[in-house]
Amino acid sequence: MAEITFNDVMNDADVKMLLDTADKNFAAIGYKEHGLRHAKLSSAIAGNVLSYLGYPKRDIELAKIAAYLHDIGNAIERHKHALSGAILSKRILERLGMRYSEILIILSAVGSHEEKDIIPNSQITAAVILGDKIDVHFSRVRSPNGKMLDKHTRVNLSCKNSFLRVDAASKTISLELTVDTNVIDIGEYFEIFLERTMLLKKAAKYFDCMFILYINGNKFL
Ligand SMILES: [Fe+2]
Ligand SMILES: [Fe+2]
């Protein structure tokens with residue numbers, strides 16, 4: 001059976017259409033960008049995390065594939081998008097000819113990427129969570145000039161830079177945010193993103209790493 005690559009998945013017409021549709025659905029309700037850009041960035045970060053931590057090449061490829069697919073369920077609806085995304089991914093990966101043992105790893109990562117209550121079930125899932133949840137950025141906001149921006153939107157809008165630093169030697173994974181405090185105050189960041197930050201912490205813990213959050217150079221966690 002052929003080894004399915006990240007490029008095979010990225011170039012698949014159905015995957016492109018699903019991401020496009022997911023993004024259009026979100027655009028229609030004024031939600032932040034959730035299309036090709038988010039999929040590409042998440043998969044690049046997920047792959048880098050495993051690469052820096054010394055995981056095998058195939059694990060890196062699977063993490064990139066899972067991260068690319070993690071939000072395709074939003075093409076159907078938002079609330080259960082992790083589950084619907086896993087079901088959609090199954091059909092695509094089967095059609096492409098991926099072996100079932102690998103498909104299951106990806107389905108589990110896609111299906112549990114929003115799971116708040118448990119430690120991730122594999123290095124692939126943990127990498128997907130890190131790739132997904134660090135994507136806080138002003139460029140994802142649809143209408144920066146709108147007058148009634150909610151806090152969630154303002155947190156994204158305030159974030160000028162987001163960088164994930166993985167240091168295998170010191171066993172730390174640090175999220176370094178540059179935030180415009182004219183747009184939000186740091187308290188608002190935590191109000192909105194505490195849950196997201198906890199997910200990042202659990203994902204780092206899977207790798208036996210400490211998670212550190214820096215905002216504007218100050219250590220917060
Ligand atoms: Fe998601
Ligand atoms: Fe996402």
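Heads up: the structure comes first, above all this text.
For every chain, the first residue of its written sequence is number 1, and the numbers climb from 1 along that sequence. The lettering of chains begins at A and the numbering of ligands begins at 1, in the order of writing. Totals for whole chains, interfaces and linings use every residue, but because this is a predicted model, local features are given only for residues with pLDDT of at least 70 and side-chain atom pairs only at 80 or more, for both listing and counting.

Right, let's get into the overall build of the protein. Counting secondary structure elements, the protein contains nine helices and four strands. When the helices and strands of the protein are read in sequence order from the N terminus, they spell out α-α-α-α-α-α-α-α-β-β-α-β-β. Within these notes, the globule rule equals 2.2 Å times the number of residues to the 0.38 power, and the radius of gyration is based on C-alpha atoms. A compact globule built from 221 residues would reach a C-alpha radius of gyration of about 17 Å, and the protein, at 17 Å, matches this within 12%. Our exposure labels follow a C-beta count within 10 Å of each residue's own C-beta, placed from the backbone: buried means 20 or more other C-beta atoms, exposed means 12 or fewer, and partly exposed covers the counts in between. A total of 221 residues make up the protein; the buried ones form 43% of that total. By sequence separation, contacts in the protein at least 24 residues apart represent 63% of the contacts at least 6 residues apart. The helix count covers DSSP runs of H or I at least four residues long, the strand count covers runs of E at least two residues long, and both are numbered beginning at the N terminus. By definition, residues are in contact whenever their C-beta atoms, placed on the basis of the backbone, come within 7 Å of each other.

Attention now goes to helix α7 (residues 123-133). Counting buried positions along α7 gives eleven out of eleven residues, so the element sits mostly inside the fold. Regarding α7, the residues found buried are Q123, I124, T125, A126, A127, V128, I129, L130, G131, D132 and K133. In this structure, the buried side of α7 is in contact with α3 (36-52), α4 (57-69), α6 (100-111), β1 (159-167), β2 (172-179) and α9 (186-206).

Pairing is mixed in the open sheet, where four strands are placed in the order β1-β2-β3-β4. The open sheet has two edge strands, β1 and β4 (218-219), and neither has a second partner. In this analysis, strands are considered paired if DSSP registers two or more bridges between them. Here strand β3 (residues 210-215) pairs with β4 via two bridges, running antiparallel. Looking at the pairing, I215 lines up with N218 of β4.

Nonpolar side chains tend to gather and get buried jointly when the protein is soluble and globular. Only buried Ala, Val, Leu, Ile, Met, Phe, Trp, Tyr and Cys residues enter a nonpolar core, and they are joined through C-beta atoms within 7 Å. Residues A63, A66, L69, I106, A127, V128 and L130 are the most contacted members of the largest nonpolar core, which totals 61 residues. Here the element with the most residues in this core is α4; it accounts for eight residues. Leave out the neighbours within four places in its chain, and A66 touches I106, A109, V110, I124 and V128.

Attention shifts here to the packing of helix α8 (residues 151-158) against α9. Every axis corresponds to a line fitted to the C-alpha atoms, with the helix fit spanning only the stretch in contact, and the corresponding angles, defined between N-to-C directions, vary from 0 to 180 degrees. Relative to each other, α8 and α9 sit at 115 degrees, their axes nearing to 10 Å. Like other packed secondary-structure pairs, α8 and α9 cross with a definite hand, here left-handed. Taken together, the residues of α9 that come into contact with α8 (itself represented by K151, H152 and V155) are E188, Y189, E191, I192 and F193. A breakdown of the residues in the contact of α8 with α9 according to their chemical character gives four nonpolar, one polar and three charged. Put simply, a crossing is left-handed when the front helix is turned counterclockwise from the back one by less than a right angle, and right-handed when it is turned clockwise. Following the grouping adopted for this structure description, the nonpolar residues are Ala, Val, Leu, Ile, Met, Phe, Trp, Tyr, Cys and Pro, the charged ones are Asp, Glu, Lys and Arg, and the polar ones are all others, Gly among them.

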